[in-house]
There are 2 protein chains.
Amino acid sequence: MANITKKVSWSSRADETGILGEGTPLLNGSEQLTHSRQPSEGRSVFQIGRLSTVDLEEEITSDEDSQRGRPNEIPHNEKLLSLKFESLDYDNIENQLFLEEERRMSHMNFRCLEISRWVVCGLIGFLTGLIACFIDIAVEELAGIKYQVVKKNIENFTEVGGLSISLLLWAVLNSAIVMVGGIIVAFFEPIAAGSGIPQIKCYLNGVKIPRVVRLKTLVVKVAGVICSVVGGLAVGKEGPMIHSGAVVAAGVSQGRSTSLKRDFKIFEYFRRDTEKRDFVSAGAAAGVSAAFGAPVGGVLFALEEGASFWNQMLTWRIFFASMISTFTLNIFLSVYNKNPGDLSNPGLINFGRFPVDGVAYNFYEIPLFIAMGAIGGLLGALFNILNYWLTIFRIRYVHRPCLQVMEAMLVAAVTATVSFTMIYFSNDCQPLGPEDKKEYPLQLFCADGEYNSMATTFFNTPERSVHSLFHNQPGTYNPLTLGLFTLTYFFLACWTYGLAVSAGVFIPSLLIGAAWGRLCGFLLAAITTPAPLWADPGKYALIGAAAQLGGIVRMTLSLTVIMVEATGNVTYGLPIMLVLMTSKIVGDYFVEGLYDIHIKLQSIPFLHWEAPATSHWLTAREVMSSPVTCLNRIEKVGTIVDTLSNTSTNHNGFPVVVQVSGSDEPEKLCGLILRSQLIVLLKHKVFVELARSRLTHRKLQLKDFRDAYPRFPPIQSIHVSQDERECMMDLTEFMNATPYTVPQETSLPRVFKLFRALGLRHLVVVDDENRVRECWCFSTTQSRHSTA
Amino acid sequence: MANITKKVSWSSRADETGILGEGTPLLNGSEQLTHSRQPSEGRSVFQIGRLSTVDLEEEITSDEDSQRGRPNEIPHNEKLLSLKFESLDYDNIENQLFLEEERRMSHMNFRCLEISRWVVCGLIGFLTGLIACFIDIAVEELAGIKYQVVKKNIENFTEVGGLSISLLLWAVLNSAIVMVGGIIVAFFEPIAAGSGIPQIKCYLNGVKIPRVVRLKTLVVKVAGVICSVVGGLAVGKEGPMIHSGAVVAAGVSQGRSTSLKRDFKIFEYFRRDTEKRDFVSAGAAAGVSAAFGAPVGGVLFALEEGASFWNQMLTWRIFFASMISTFTLNIFLSVYNKNPGDLSNPGLINFGRFPVDGVAYNFYEIPLFIAMGAIGGLLGALFNILNYWLTIFRIRYVHRPCLQVMEAMLVAAVTATVSFTMIYFSNDCQPLGPEDKKEYPLQLFCADGEYNSMATTFFNTPERSVHSLFHNQPGTYNPLTLGLFTLTYFFLACWTYGLAVSAGVFIPSLLIGAAWGRLCGFLLAAITTPAPLWADPGKYALIGAAAQLGGIVRMTLSLTVIMVEATGNVTYGLPIMLVLMTSKIVGDYFVEGLYDIHIKLQSIPFLHWEAPATSHWLTAREVMSSPVTCLNRIEKVGTIVDTLSNTSTNHNGFPVVVQVSGSDEPEKLCGLILRSQLIVLLKHKVFVELARSRLTHRKLQLKDFRDAYPRFPPIQSIHVSQDERECMMDLTEFMNATPYTVPQETSLPRVFKLFRALGLRHLVVVDDENRVRECWCFSTTQSRHSTA
């Protein structure tokens, strides 16, 4: 993935020069305090949430490292967490402004808001469906042209000899198309590389991945995925739909585009992390729904990956977006296919109808399915391990954009060559039935009225190949074809995932699985020759596809439902579930899922479902970042500016404390204020003195914060004069007066649960006498605190 | 529902005697603060929950009312919340014992636990499937016998005249069977009445409904539902499956049965609210799954109703239980149907296969579907309003068990009479096709080779009737039959729901909807005679069924998925969703869903998804219960016993405070201890003095608390001598040292979110200087606190 490569290229550059930028990936060290806890506690934090990103100690460590010169032998360590990432704040900032606004709102206002949420979800679904439709039609048309050209060429040269020229044409054509896709991704928007699913997983998990939901990313993603698929890579166009849906949601729900510099002045209420994240869930669901025609699967995907807090109305809205999305796609594609009103294209890929009459499967086939699940788990783990090594290699050596584009072109050329070779040496000729609707049957060396079966597999879009593997009559493919295809496609797909092109891994996985699944079905039929009826190869192809996909991505409930919905037949629910469960268990024994591997490789602080089982030993005090920077309720502007400018403690949240006047008691916590709020306050010069002198001065409103969301300017861009530095700022109105707090003895699982369930970014740790003797802060990502 | 009636009968008895028991349903008073807060504050606790239900003014009013003598004309008020119910604690009690145990556990232990969770879920699914299977077979066999008898009798008398004797036989037979069902429910276990879905909704919501998950309840429920269905009432056997699944789960997961006095010494770790509630979710899901053959729908039901915290592994386990459940049912039923390995009976009801070839529906039919959704919403609202009035009537006048049984018998007799009359006067004869597999075709006055169509509708189990309405050829029913059937069945079903019998409302709703839906299809076909092809009456029956069911129960995503899974065809997903959405919107405009109405009528403190939109005005201080009862960390046994025995403040959680020795500072919060823990401590006499004198005294372990769970003895049953009253108890080891706290200025939505997301029972409110000047406690249900 470009993102990784990007980061790593930076990382290795730093190594070369011996200079560590401020973005150094850091380990979280909570224990610098007690020393010697070092190696394990970075992870412990990590575990907590790594949330974070980092803990102080490790930061310090790495700072020391940088002073001593960073050890060259560790150019990349996925156990370190990157500081690039901040977390989303799912907690509303309940300051006085917010409460006043909420209190001003009538029931009618809330109803209007609710209606606009529905409207936004409808729009998200509609636009996502349209994008899916556009991608599908573009791929169909362009691939059609390409295959026509190549096919004509091959046919010409089959007669006269000199097929190597056809090969050359094919390889060059593919490389050229992939080059375009690679260039836009590598040079313009590296975050658009890959399927985007790891990034969206992280976003829904609460990690803000820079640039991931921008309009530019969407454009590059769409163009990139078209190029990749048309370029004949072993990729699918389904994964990127999820990312596209998420971007659409983030854009539509904010009612403006920062890239286009257009503000439609609508949906202003939704301009905060809480609402935006909800809408992005809906967008991701709509993407899944459009990709697989699986609206329920989409909802479950969004929930499984993102929503820690399940809300009935939210879920229902997400479902609405999903439904609209698949329906839009369906309508437009039916019009495109000149069959309006047909509604038989609910998704970009359809597994087609499996026979519903008669017995779908028998009781005694279930152990076979489970065995296939185990095979899928093994193959999936192998795939992931190979891809992991490959990604590490890429991170170290293939980090320049031009190298990345060249690698993509190489893969494209190799894919074409391998395909061609296999087609060339294959002698699997099948009769061309009159009713056969294959769009690009290739006669090659077969007799008249026959076609080359291997060519069909390689010469179609992967979606069509999956469909043929599921549904072609028994005997369409011979076992050697299937075996060879599995083998080559496995390695091609593995090599392809992680290239700097937009592409998904769903379809290649399905294809590999379907191929070996069909092979299994074939073998079973051969073994049980007397009564081979029950070994329908299409059914085994489906099971194999599920096993392979499950072994690679390791999704659970959502994948089951997606597969069932794509099959259009709930009868296969149980076998698919058993297969996915087996493949997950087997696969997890060896290595994590592919997306998790890539998340880890990008050093993203991802928060898992539960605190590690054995983390009851740790308490909040041990994992929190300390010392914290506290601000007074009425604070000098200069102090605030200095605090914000302090790059060594780049905190994002600051506890606000108050000193009881004239007493020597320790300061007490009275609120929490965020960096973003302080920036807005400074920008609008909300100083006590100015308010007094200019009585007409407009009072700062929530709108001002919303307008600045989400790209708050850096502190460096705000000019504060020397006079102004002496002014005071009253934070009372703007701070969150009731931040969540925990005593410092709270066990880690308890803190974790609070973070996870409420989507917190900051949690103030108070001392066990419930007074703020010292102010401790515990934060999710990259918001650290030091004592004022 | 018997439960309601129960409560009300008590309620009216109280009125009769003029004495208000301590269990009086109370209003929530948040204003007691300013004097006289006493009686109401138990309930203030409530407010948070049903905030929705009550507002302040009303409380005060009713308090005044009660002082003036309770007005007799309000014997039941569903705006009051009952004190009968306590809440489940989804928060682990993280005291020292718990932490020590967790810390002792290795990774391997955690893995074993995880495996036992899976085993338990598998068992839950298996047993639930078995129960469903048992119910189904029992109903089939008994109903078969009954119909044979009645049919033979009718056939005899059709020839000789004197059909009134047949009617009598039928009515008496039905009444007798229903009487049995009524007696066991009304006299032995009133909580087993109805479908049990409202109760399970409440349980999953976090309200502990007494006796709801006992073995006895299960037995009565299963026997009761068989009687109701065989007795010919307008009921289904699906709803009760959900309750049955939940009971199975609660039993299996605890590894013992208190009713049977058997402790299998397994799964002891799961003996606490947190784990039990998770398993009950799985049980409910397994129930849905067995009822409708809808494993995904089951999971979504459990999540929609219960889980505020979505956890991937938990969801996956719930799904596993669901799958096992439907699979078990499938296998056993296929054996019962003498077709082993067929696996075509995934649920108690199957909608049968809808044609999948060709166009399922057209774009332009969607407005029609939406219109039908609106009709369903209206009819559903009408149903609910009628049933609401009826239930109020029952609560006031039909609260004695014998009256309840008589009402059930009356309904059974009326149902038989109405059916008979309609069959008698119907002249809708249809030819009896040779391939017709109707099991009880009734010739009656039809010509030879024909059967009475109305009789088919009334003379089958409701499941079969639904199936025929969905699938019979166009023209099978004439419109008058359908219209009359809709009308009568609507009122019968409405009258039946709420009787003191175990019965579900799903199937009657589906049946009513299918009837008028088919009528709609018929009319459409009549209107568009030139091209009536698209108006397949079966399809419209399905849409009508969805609309009617949605209008009555108002479930959202889960119902969509259940319907889709029962249909076995994802193509109908979009229309079903649109229909359910419309019927919910239309229905909600008039009245709540049926289950919510019954929950309200039972005065159960149900916590909704979100705090009321306009509740930002309220702060924790205003809604918490106060004054609280605090205990010292080392407290005199006498004080504890007195506190627990104080019936006027029947608290369940007590903040533990500590006084810094020799200082005059206010006491500081240092923990929270529960009534149940104190009871166990007292029972085991864990006194400081005794520990000193008897050094060998066994240290109290977590096991002791688990053994006592969940039926902790009342304080009255624990004998404490006068000497012992002078002893001290050290609570340090047993209290939860890090309870969740909020400042008293926290807004209500924030507090609500914390309660909802974490499933809390108690939340300590501390003053805004973060010191425990006074100790405030804020709890969900019925756990109140007064100052020490």
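Only a predicted model underlies this, so the values are computations on that prediction, with no experimental measurement involved.

About the thresholds
Residues numbered from 1 in each chain as written. Chains lettered and ligands numbered in written order. Predicted model: local features only at pLDDT ≥ 70, side-chain atom pairs only at ≥ 80, totals over all residues. Heavy atoms only, no water. Helix = DSSP H or I, 4+ residues; strand = E, 2+ residues; numbered from the N terminus. Buried < 20%, exposed > 50% of the residue type's maximum accessible area, 1.4 Å probe, protein only. Contact = heavy atoms within 4.5 Å. Areas by Shrake-Rupley, 256 points an atom, 1.4 Å probe, with all protein chains shown as cover. Pairing = 2+ DSSP bridges. Least-squares fit on C-alpha atoms with pLDDT ≥ 70 in both. Axes fitted to C-alpha atoms, helices over the stretch in contact; angles between N-to-C directions. Phe/Tyr/Trp six-rings, centres within 6.5 Å; stacked < 30°, edge-to-face > 60°. Lys NZ or Arg CZ within 6 Å of the ring centre and 35° of its normal. Patch = residues over 30% accessible without salt bridge, like charges linked within 9 Å, V, L, I, M, F, W, Y side chains within 5 Å. Salt bridge = Lys/Arg side-chain N within 4 Å of Asp/Glu carboxyl O. Buried area = accessible area lost by both parts, 1.4 Å probe. Polar contact = N/O pair within 3.5 Å; in protein donor to acceptor, adjacent residues only side chain to side chain.

Visitor: Go over the overall build of chain A, please, and point to the residues and values.
Guide: When its secondary structure is counted, chain A shows 29 helices and 14 strands. Within chain A, buried positions represent 65% of all 788 residues. Nonlocal contacts in chain A, meaning residues at least 24 apart in sequence, comprise 79% of its contacts between residues at least 6 apart. Per element, the accessible surface of chain A, about 27700 Å² overall, is 62% carbon and sulfur.

Visitor: Describe in detail the pairing of strand β10 (residues 668–674) of chain B, supporting the description with residues and values.
Guide: The side chains of a regular strand alternate, first on one face of the sheet and then on the other. All names here are of chain B. Of all seven residues in β10, seven are buried; the element is thus mostly enclosed. Where strand β9 (residues 653–658) meets β10, six bridges bridge the pair, whose relative direction is antiparallel. Bridge assignment links V658 to a residue of β10, and that residue is K668.

Visitor: Account for the relation of the copies chain A and chain B, with residues named and values stated.
Guide: Superposing chain A onto chain B takes a rotation of 180° combined with a translation of 0.0 Å along the rotation axis, leaving an RMSD of 0.1 Å. When the rotation and shift are considered jointly, the pair of chain copies conforms to a two-fold rotation axis. Comparing interface residues between copies, 100% of those in chain A also lie at the interface in chain B; the contact surface is shared.

Visitor: Can you tell me about the sheet that holds strand β9 (residues 653–658) of chain A, naming the residues and giving the values?
Guide: All names here are of chain A. Across the sheet, three strands lie side by side as β7-β9-β10; this open sheet has mixed pairing. Strands with a single pairing partner mark the edges of an open sheet, and in this sheet they are β7 (631–632) and β10 (668–674). Both β7 and β9 contribute to a ladder of two bridges, which runs parallel. Bridge assignment links L631 to a residue of β9, and that residue is V656.

Visitor: Before we move on, can you summarise the sheet that holds β9(B) with the specific residues and values?
Guide: Residues and elements named next belong to chain B. If you walk across this open sheet you meet the three strands as β7-β9-β10, and the pairing is mixed. Bordering the open sheet on either side are β7 (631–632) and β10, each of which pairs with just one other strand. Sheet contacts for helix α25 (residues 675–683): β7, β9 and β10; angle to β10, the most-contacted strand, approximately 75°.

Visitor: Lay out the packing of aromatic side chains with the relevant residues and their values.
Guide: In the structure shown here, the tally under the stated rule is 34 aromatic pairs over all chains. Residues F126(B) and F332(B) carry aromatic rings whose centres are separated by 6.4 Å and whose planes lie at 65° to one another, so their mutual orientation is edge-to-face. Separated by 206 residues along the polypeptide, F126(B) in helix α5 (residues 107–160) and F332(B) in helix α12 (residues 312–336) bring together distant segments of the chain. Put simply, the rings of F267(A), Y269(A), F270(A) and F279(A) pair up and form one aromatic cluster. A cation sits over an aromatic face here: R272(B) above Y269(B), 4.6 Å from the ring centre. The ring centre of Y90(B) lies 4.7 Å from the NZ or CZ of R277(B), which sits over that ring.

Visitor: Account for unusual backbone geometry, with residues named and values stated.
Guide: Residues and elements named next belong to chain B. Even without being a glycine, S603 presents a positive backbone phi close to 55°. Mapped onto the elements of the fold, S603 is located in the loop between α22 (594–601) and α23 (620–623). Judged by relative accessible area, which is 1%, S603 ranks as buried.

Visitor: Describe in detail a nonpolar patch on the surface, supporting the description with residues and values.
Guide: A cluster of nonpolar side chains, namely M179(A), I183(A), F187(A) and F188(A), defines an oily patch on the protein surface of about 360 Å² accessible area. Given the relative accessible area of 48%, F187(A) is considered partly exposed.

Visitor: Hey, could you go over the interface of chain A and chain B for me, with residue numbers and the actual values?
Guide: Listed per partner, the contact involves 83 residues of chain A and 84 residues of chain B. Summing both sides of the interface, chain A and chain B together bury roughly 8200 Å²; the carbon and sulfur share of this comes to 65%. The tally of links from chain A across to chain B stands at two salt bridges. Here chain A and chain B share 10 residue pairs in polar contact (both at pLDDT 80 or more) between them. Top contributing element to the side of chain A that touches chain B by residue count: helix α12 (residues 312–336) of chain A, with eight residues.

Visitor: I'd like a rundown of the pattern of salt bridges, residues and numbers included.
Guide: As enumerated under the stated definition, the model contains 45 salt bridges over all chains in all. Taking the shortest distance from any N to any O, the salt bridge between K685(A) and E724(A) comes out at 3.4 Å. A residue pair is termed long-range when its members are at least 10 positions apart, and K685(A) in the loop between α25 (675–683) and α26 (688–693) and E724(A) in helix α28 (residues 722–725) qualify at 39 residues. Looking at K685(A), the relative accessible area reads 21%, which means it is partly exposed. E724(A) gets classed as buried once you look at its relative accessible area, which sits at 16%. A salt bridge links E114(B) to R317(B); the nearest nitrogen and oxygen atoms lie 2.9 Å apart. Linking E114(B) in helix α5 with R317(B) in helix α12, this pair joins segments that are 203 residues apart in sequence. By relative accessible area, E114(B) is classed as partly exposed at 23%.

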